[in-house]
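Descriptive analysis of the structure
Listed below are the residues making up each chain.
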Amino acid sequence: MMTSSKPKTLDRIDLTILDALQKNGRISNSTLAQHVNLSASPCLERVKRLEQEGYIERYGAFLNASKLNCGMTAFIQVTLDRTTADIFNKFRAQVIEIKEVAECHMVVGGFDYLLKLRFENMDAYRLLLGNIVELPGVSQTHTYVVMEHVKRYSGVPIFD
């Protein structure tokens, strides 16, 4: 939960804590404290402050998609037939209900949305595409199937 007070400026220790936590969210507080050269109590206070101020949104695990029958990834560019608030809202409300849509971003440029999909195989993709083209306002899609993951999500870059 974020507080209404103005967040403190992040110092080198805060940035090091954030970097360490995004690399390993299960790191113990004592190990983290050693890593940033603090005792355990002040380190925990900093982590709690970073959570309260919204720098840390949540903790999670990275799962093996192939083992969970979602080993294929594709990106779909979606162009809407008109760009009105009503169509944006209807599209948004329905696309978030499609579990295979891992990410959906409204973008500026030659199309309106970029979707990242996770699915098992091309048959599953074909059914999924059928659902996406039926979403409100969709006039055109372009799909890019991922052949190789060269670099996957590695967190937010931390700059000193």
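Here the structure is shown first, and the text comes after it.
Basis of the calculations
The numbers attached to residues start from 1 for each chain and follow its sequence in the written order. Under the rules for a predicted model, residues below a pLDDT of 70 receive no local features and side-chain atom pairs below 80 are neither given nor counted, while totals for whole chains, interfaces and linings still include all residues. The basis for every side-chain value is the complete set of heavy atoms in the structure, and neither hydrogens nor water enter the calculation. Note on aromatic contacts: the rings of Phe and Tyr and the six-membered ring of Trp form a pair at centre separations within 6.5 Å, being stacked when their planes are under 30 degrees apart, edge-to-face when over 60 apart, and tilted otherwise. Here a helix means four or more residues in a row that DSSP labels H or I, a strand means two or more in a row labelled E, and each is numbered from the N terminus. Whether a residue is buried, partly exposed or exposed follows from its accessible area with a 1.4 Å probe, protein chains only, as a fraction of its type maximum: under 20%, in between, or over 50%, in that order. Throughout, the protein atoms alone are placed on a 1 Å grid, and a set of points is a cavity if a 1.4 Å probe fits but cannot get out or a pocket if it is open with protein on both sides within 12 Å along at least five of seven lines; lining residues have an atom within 4 Å of a point. Grid points are joined across faces, edges and corners, and a volume is the space filled by probe spheres set on the points. Classes in brief: Ala, Val, Leu, Ile, Met, Phe, Trp, Tyr, Cys and Pro nonpolar; Asp, Glu, Lys and Arg charged; the others, Gly included, polar.

Take the packing of aromatic side chains next. According to the stated counting rule, one finds four aromatic pairs in the structure shown. Residues Phe 88 and Tyr 113 carry aromatic rings whose centres are separated by 6.2 Å and whose planes lie at 75 degrees to one another, so their mutual orientation is edge-to-face. Taken together, the residues Phe 88 in helix H4 (residues 85–95) and Tyr 113 in strand S3 (residues 113–119) connect sequence positions 25 residues apart. Overall, the relative accessible area of 18% leaves Phe 88 in the buried class. Ring pairing ties together the aromatic residues Phe 88, Phe 91 and Tyr 113, which thus form one cluster.

Now for the layout of surface pockets. By volume, the largest pocket is sized at about 1,600 Å³. Those elements that provide at least two residues to the lining of the largest pocket are helix H1 (12–23), strand S1 (72–80), strand S2 (101–106) and S3. Here the lining of the largest pocket takes five residues from H1, the largest share from any one element. Residue classes in the lining of the largest pocket are distributed as 20 nonpolar, eight polar and nine charged.

The values reported here are purely geometric and, on their own, carry no functional implication.
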